[in-house]
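Here is how the chains run, residue by residue.
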Amino acid sequence: MNCDRIRERLMEIPVAEFGQLESHLATCPECRALADVIVEAEGAIGLALDDFAAAGSFEDAWQRAERAEVVPVQGPWARRSVIGLAALAAAAVLALALTASRPSAVSGQAGETVVARWLGQSDVVVSPPPSPAADEHLDEGTDAAPRPGRAASRVPRGARASEPDALAVLNDVSELQPPGGDPERSAAGDERIARTLATCGQDLEPRAIMGRLDAPSIACVEAVYANTQRLTERDRVSRLLLANAWAAGDHTRWEQLVKRHLDEVSRADPDLCYKYAAFLSRRGVSRAEGVVRWSEVALENKDRWQGDTYTTRVYGLLKLRSRAAELLWRSAEERAAVTADDEARDSADRARALAATFAREWLDYARAANLDDTLAFDLCVSTAGAREACAE
Amino acid sequence: MQSWEHMAEHSPDEWIERARSGDRAALRVVAEQWWPTMRRWALLDLGDASLAEDAAQEAMVRLVRFIGQYDPARPFRAWLHMVVRNCARDVMARRGRQGEREVALEWEVADHPSTDRQLDLERHAAAAMKAFEALSPRQRQVFDLCDRQGLTPAEAAETLGMAQGTARYTLHEARKTLRAKLLAAGSDVLQLLRDR
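How each quantity is defined
- Residues numbered from 1 in each chain as written.
- Chains lettered and ligands numbered in written order.
- Predicted model: local features only at pLDDT ≥ 70, side-chain atom pairs only at ≥ 80, totals over all residues.
- Heavy atoms only, no water.
- Helix = DSSP H or I, 4+ residues; strand = E, 2+ residues; numbered from the N terminus.
- Buried < 20%, exposed > 50% of the residue type's maximum accessible area, 1.4 Å probe, protein only.
- Contact = heavy atoms within 4.5 Å.
- Areas by Shrake-Rupley, 256 points an atom, 1.4 Å probe, with all protein chains shown as cover.
- Disulfide = S-S within 2.5 Å.
- Phe/Tyr/Trp six-rings, centres within 6.5 Å; stacked < 30°, edge-to-face > 60°.
- Lys NZ or Arg CZ within 6 Å of the ring centre and 35° of its normal.
- Axes fitted to C-alpha atoms, helices over the stretch in contact; angles between N-to-C directions.
- Parallel < 35°, antiparallel > 145°, perpendicular 65-115°, else oblique.
- Nonpolar A, V, L, I, M, F, W, Y, C, P; charged D, E, K, R; others polar.
- Core = buried A, V, L, I, M, F, W, Y, C linked by side-chain atoms within 4.5 Å.
- pLDDT = per-residue confidence, 0-100.
- Salt bridge = Lys/Arg side-chain N within 4 Å of Asp/Glu carboxyl O.
- Polar contact = N/O pair within 3.5 Å; in protein donor to acceptor, adjacent residues only side chain to side chain.
- Left-handed = near helix turned anticlockwise from the far one by under 90°.

Participant: Explanation requested: the overall build of chain A in the structure shown.
Facilitator: Across its full length, chain A holds 17 helices and 0 strands. With 392 residues in all, chain A has 51% of them scored as buried. For chain A, long-range pairs separated by at least 24 residues make up 68% of all intrachain contacts whose partners lie at least 6 apart in sequence. For chain A, the exposed surface amounts to about 17,600 Å²; the carbon and sulfur share of it is 52%.

See the structure below:
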């Protein structure tokens, strides 16, 4: 193999397989140098992670967890562990001391600054300003798509079903009924909260479904919410208000309520998370991060769906997430083109990589479920930059 | 009280099953076994050591509280990963509500006298961490599971709840991005190595 091919391989294969290239590396100092940089750097990363993983005291964590079982407590838990950070950063240096047989240097910022920045920094958030071109609905054009008339999973192979409408969930989901029920809900709790809610008026649920709770009833239910400590009971009260706001067409209030529900009550209902993601997807690029976030949360609880609902919902979420990531990527590219600085370029690269990963996941699922994969394939090619990357 | 040394008395699955059915000592053994992994996953997800400490602790609380809800038909690793990931999200959400952290986290190596060699090593470590930072959380996780922990892409996919094809693709992208960043950041590295 020549040097070009070797370097290509060095960029692709795991370090553990570099031995396969030893016959070339032994005779080529330049390729050997490349291999050394990769081995040393990846070793440093691995040791830094090992050190962080091993630095936390299990005994402390266990005791806090046992105490929290008795008295529910919310984080932050730990004393700020400067020791843990120092150990993590030191591990990166130690790794090099152990693996490097000679001094080497990498251009860039001073070590302590960059390492500390990574350790002290949260995930990069791409928040580009909305632009007229990008501020379009993520799923525009799909509202009119027909609902699948049969289960995608039952479509004969070779005859792919049309893609499910990702936004149909806005009308399908009833806030009052979480999928699979609530395992923590108890008959005693139901009875207790029903008695309390009865003080706010009769037939609250039917009226909420119609969006016809009047202002005094809403104020009363809000007061019940504020005075209810048990999460399962809060859940029921919150859902009543959510159903009413949606049915009444008060989407601004609905959004406030759903944010409160997801922050304060529970985010375990994938239907609600999906509905919120779909709702945000109609608000343009400025809300695209929210679409990605809530799609992911919904996907984490996808096991609560079954059968056709599972297929349709998972497909819809993967699509919403991919389209949102695409918007973020395009927006980041626009910003990089305008500002022409390295940070913006890095942001755009990261956004592209994320969009590519999501598109690939959407494509894989569409193929596995035998659904129309045209849009997913196009997006995959667009983000990966090559058709081969999206082959079956 | 049983401890990690007693792990060999039963298979890992047996310990988990005992923990699931309410055996507190078994739960402690399982928790101790997985604690470093939980911390590692939290850091890979959040890219922030301080937040990762909180997320891992919260995951420990949920492990203790909800082990009974674990479905043994699914891999325990995947279930626990989902628990950690949910905690990481919650920690991020709380941070979002509270604004930026007040705690200044500094690695104050600059306060200590450094030799040229130490500085070189620190710079190299810094470049490695910076390149790693450039990966998405998902890429960091797949890369760590496969290239550092030795899992196959299929096992990583199962752990992370993604398709195998996606895991393979993500791993490929992660390696390529990481190495390209490393080499781009160190334009003088090759020269230095040539001169050695």
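Read on for the rest.
Participant: Would you mind going over the overall build of chain B with me for this structure?
Facilitator: When you go through chain B residue by residue, the secondary structure sums to 9 helices and 0 strands. Ordered by position from the N terminus, the helices and strands of chain B form the series α-α-α-α-α-α-α-α-α. Within chain B, the proportion of its 196 residues that are buried is 56%. Within chain B, residue pairs in contact and separated by at least 24 positions form 63% of the contacts whose partners lie at least 6 positions apart. When the accessible surface of chain B is totalled, it reaches about 8,100 Å², and 48% of it is carbon and sulfur.

Participant: Help me out: how do you make sense of the side chain of S322(A) in this one?
Facilitator: Considering the arrangement of structural elements, one finds S322(A) in helix α15 (residues 307–339). For S322(A), the contacting residues outside a window of four places in its chain are F358(A), A359(A), W362(A) and L379(A).

Participant: Help me understand the state of the cysteines, please; the structure alone is not making it clear to me.
Facilitator: Covalent bonding between the sulfur atoms of two cysteines defines a disulfide. All names here are of chain A. With the rule as written, the count across this model stands at 2 disulfides over all chains. Disulfide pairing is shown between C200 and C220; the S-S distance is 2.0 Å. Looking along the S-S bond of the C200-C220 disulfide, the torsion reads about -75°, which is the left-handed sense. Placement of C200 in the loop between α8 (187–198) and α9 (204–209) and of C220 in helix α10 (residues 215–227) is noted, with a sequence separation of 20 residues between them. The exposure class assigned to C200 is buried, which follows from its relative accessible area of 9%. Here C380 engages in a disulfide with C390; their sulfurs sit 2.1 Å apart. Because the sign of the S-S torsion sets the handedness, a value of about -95° for the bond joining C380 and C390 places this disulfide among the left-handed ones. Taken together, the residues C380 in helix α17 (residues 374–384) and C390 in the segment after α17 connect sequence positions 10 residues apart. Both residues of the pair, C380 and C390, belong to the buried class.

Participant: I would appreciate a short explanation of the packing of aromatic side chains in the present structure.
Facilitator: Think of a pair of aromatic rings as described by two things: how far the centres are apart, and how the planes are tilted against each other in angle. Residues and elements named next belong to chain A. Inspection of every chain in the model, using the stated rule, returns 14 aromatic pairs over all chains. Among the aromatic side chains, those forming a connected cluster through ring pairs are W246, W254, Y276, F279 and W294. In this structure, R260 is placed above the aromatic ring of Y225, and the distance from its NZ or CZ to the ring centre is 3.9 Å. Lying across the ring of F358, R321 places its NZ or CZ 3.9 Å from the centre.

Participant: Please explain the environment of G249(A) as it appears in this structure.
Facilitator: Tracing the backbone through its elements, the reader meets G249(A) in the loop between α11 (231–247) and α12 (251–265). A sequence separation of 38 residues divides G249(A) from G211(A), and the C-alpha atoms of the two residues are 7.8 Å apart.

Participant: Just to check I follow, could you spell out the packing of helix α3 (residues 29–55) of chain A against helix α6 (residues 137–148) of chain B for this structure?
Facilitator: Pairs of packed helices are described in terms of their axes, by the angle between the two and the distance that separates them. Interaxial distance between α3(A) and α6(B) falls to 12 Å at its minimum, and their mutual angle equals 100°. With respect to their mutual orientation, α3(A) and α6(B) come out roughly perpendicular. Note on element contacts: α6(B) touches α3(A) through F143(B), D144(B) and R148(B), opposite E42(A), G43(A), G46(A) and L49(A). For the contact of α3(A) with α6(B), the class distribution of residues is 2 nonpolar, 2 polar and 3 charged.

Participant: How do you make sense of the environment of F66(B) when you look at a structure like this?
Facilitator: Following the sequence through the fold, F66(B) ends up in helix α3 (residues 49–66). Distance from F66(B) to V83(B), taken between C-alpha atoms, is 9.5 Å for residues 17 residues apart in sequence.

Participant: Explanation requested: the nonpolar core in the structure shown.
Facilitator: Generally speaking, nonpolar side chains in soluble globular proteins are found buried as a group. Counting 72 residues, the largest nonpolar core has L197(A), V221(A), W254(A), Y274(A), Y276(A), W294(A) and L320(A) as its most contacted members. By residue number, the principal contributor to this core is α15(A), which donates 11 residues. Counting residues in hydrophobic clusters, the runner-up holds 65 residues, among them V29(B), L51(B), M60(B) and F143(B).

Participant: Help me understand the confidence of the model for chain A in this model?
Facilitator: Detail in the predicted coordinates should be disregarded across regions flagged by low pLDDT. Residue and element names in this part refer to chain A. Of all residues in chain A, 73% attain a pLDDT of 70 or more, and the chain-wide mean is 75. Per-element confidence in chain A ranges from a low mean pLDDT of 37 for helix α6 (residues 111–120) to a high of 93 for helix α13 (residues 270–281). Here residues 71–92 is modelled with pLDDT under 50, and outside its nearest four sequence neighbours on either side it reaches 44 contacts, counting other chains as well. Predicted confidence for residues 94–137 stays below pLDDT 50, and this span has 122 contacts to residues more than four positions away or in other chains.

Participant: Would you take a moment to explain the environment of A198(A) for this structure?
Facilitator: Relative to the helices and strands, A198(A) is located in helix α8. Spatially, the C-alpha atoms of A198(A) and V221(A) are 9.6 Å apart, while their sequence positions differ by 23 residues.

Participant: Whenever I open this one, the pattern of salt bridges confuses me. Can you help?
Facilitator: In the structure shown here, the tally under the stated rule is 45 salt bridges over all chains. D269(A) serves as the salt-bridge partner of R239(A), at 3.0 Å between the closest nitrogen and oxygen. A residue pair is termed long-range when its members are at least 10 positions apart, and R239(A) in helix α11 and D269(A) in the loop between α12 and α13 qualify at 30 residues. Here the salt bridges do not stand alone but share partners, grouping E296(A), E300(A), R321(A), E361(A), D45(B), R85(B), R89(B) and R138(B) into one network.

Participant: Help me out: how do you make sense of the confidence of the model for chain B in this one?
Facilitator: All names here are of chain B. Residue-level pLDDT values for chain B average 78, and 76% of them are 70 or greater. For the stretch residues 99–114, pLDDT sits under 50, and the model shows 27 contacts to residues farther than four places along the chain or on other chains. Predicted confidence is poor over residues 192–196, with pLDDT under 50, and the contacts of this stretch with residues over four places away or in other chains come to 9 contacts. For this predicted complex, the interface confidence comes out at an ipTM of 0.81, alongside a pTM of 0.56.

Participant: Would you mind going over the side chain of R234(A) with me for this structure?
Facilitator: Take R234(A): it is sitting in helix α11. Engagement of the side chain of R234(A) in a polar contact is seen with the backbone oxygen of T228(A), the distance being 2.9 Å.

Participant: Help me understand the packing of helix α1 (residues 12–20) of chain B against helix α2 (residues 24–46) of chain B in this model?
Facilitator: Residue and element names in this part refer to chain B. Remark: α1 packs on α2, axes separated minimally by 7 Å, with the N-to-C direction vectors making an angle of 130°. Of the possible angle classes, the one that applies to α1 and α2 is oblique. Here α1 runs over α2; the crossing is left-handed. Here α1 contributes W15, I16, R18 and A19 to the contact with α2, which in turn contributes A26, L27, V29 and V30. In terms of residue class, the contact of α1 with α2 is made up of 7 nonpolar, no polar and 1 charged.

Participant: Help me out: how do you make sense of unusual backbone geometry in this one?
Facilitator: Most peptide bonds take the trans form, and the phi angle of most residues other than glycine is negative. Residues and elements named next belong to chain A. At D203, a residue that is not glycine, the phi angle is positive and equals roughly 50°. Its place among the elements puts D203 in the loop between α8 and α9. The backbone of N370 sits at a positive phi, close to 60°, despite the residue not being glycine. Among the secondary structure elements, N370 is positioned in the loop between α16 (342–368) and α17. N370 gets classed as buried once you look at its relative accessible area, which sits at 4%.

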